[in-house]
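Letter by letter, the chains look like this.
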Amino acid sequence: MTDASAEIDAKLAGLGDWRGETLSRLRALIRAADPAIVETVKWRKPTNPSGVPTWEKSGILCTGEVYKAYVKLTFAKGAALPDPDGLFNAGFGGGTRRAIDLREGQFVDEAAFTALVKSAVAANG
């Protein structure tokens, strides 16, 4: 386990609610999609000292952010990825990124999400 992985573990455990559980489930799917995916933590700032969990392989694949009412997974090259199952439900205003916002009680189809992560890996080359 990397230091970043340990930091992400602590962040998720510290949430102690559905948001931590949701991001933990998504994290497990991301990591299972490709064992070479690396976890990092980026964009630390005074308002978010624990930073943003980020998953990378040959560049950023996606980030996992936690807000009061939802969990957001933003895919760096989401606009270029196939999304036949319509997982993306946010971030359509930009030309590059796309996001999946999940509220309490919501989750994604695991097979479709895994395929999306694998597409993100392939897009990074």
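The rules behind these values
Residues numbered from 1 in each chain as written. Predicted model: local features only at pLDDT ≥ 70, side-chain atom pairs only at ≥ 80, totals over all residues. Heavy atoms only, no water. Salt bridge = Lys/Arg side-chain N within 4 Å of Asp/Glu carboxyl O. Helix = DSSP H or I, 4+ residues; strand = E, 2+ residues; numbered from the N terminus. Buried < 20%, exposed > 50% of the residue type's maximum accessible area, 1.4 Å probe, protein only. Expected span 1.5 Å × (residues − 1). Arc of directions from axis to C-beta. Contact = heavy atoms within 4.5 Å. Pairing = 2+ DSSP bridges. Axes fitted to C-alpha atoms, helices over the stretch in contact; angles between N-to-C directions.

Draft legend 1. A look at the pattern of salt bridges. Applying the stated criterion across every chain, the model contains 8 salt bridges. Ionic pairing is found between Lys72 and Asp101, a salt bridge with its closest N-O pair at 2.9 Å. Note that Lys72 is positioned in strand E4 (residues 71-75) and Asp101 in strand E5 (residues 98-102), a separation of 29 residues in sequence. Summarising the burial analysis for this pair, Lys72 and Asp101 share the class buried.

Draft legend 2. Just helix H1 (residues 3-15), in detail. Over its 13 residues, H1 extends 19 Å from the first C-alpha to the last, a length consistent with the 18 Å expected when each residue adds 1.5 Å. Among all positions of H1, only Ala4, Ser5, Ile8, Lys11 and Leu12 are buried. Each buried residue of H1 sits inside an arc of 120° when the element is viewed along its axis, so together they form one side. Seen from the open side of H1, the exposed residues pointing more than 90 degrees away from its buried face are Asp3, Ala13 and Gly14. If you follow the buried residues of H1, they end up packed against helix H2 (18-33), strand E1 (38-42) and strand E2 (52-56).

Draft legend 3. Local environment of the sheet that holds E4. Pairing is antiparallel in the open sheet, where 5 strands are placed in the order E1-E2-E3-E4-E5. Bordering the open sheet on either side are E1 and E5, each of which pairs with just one other strand. This sheet shows a mean twist of 20° between the axes of neighbouring strands, independent of strand direction. Both strand E3 (residues 60-66) and E4 contribute to a ladder of 5 bridges, which runs antiparallel. Across the sheet, the residue bridging to Thr63 is Thr74, located in E4. H1 rests against E1, E2 and E3 of the sheet, and its axis sits at about 65° to E1.

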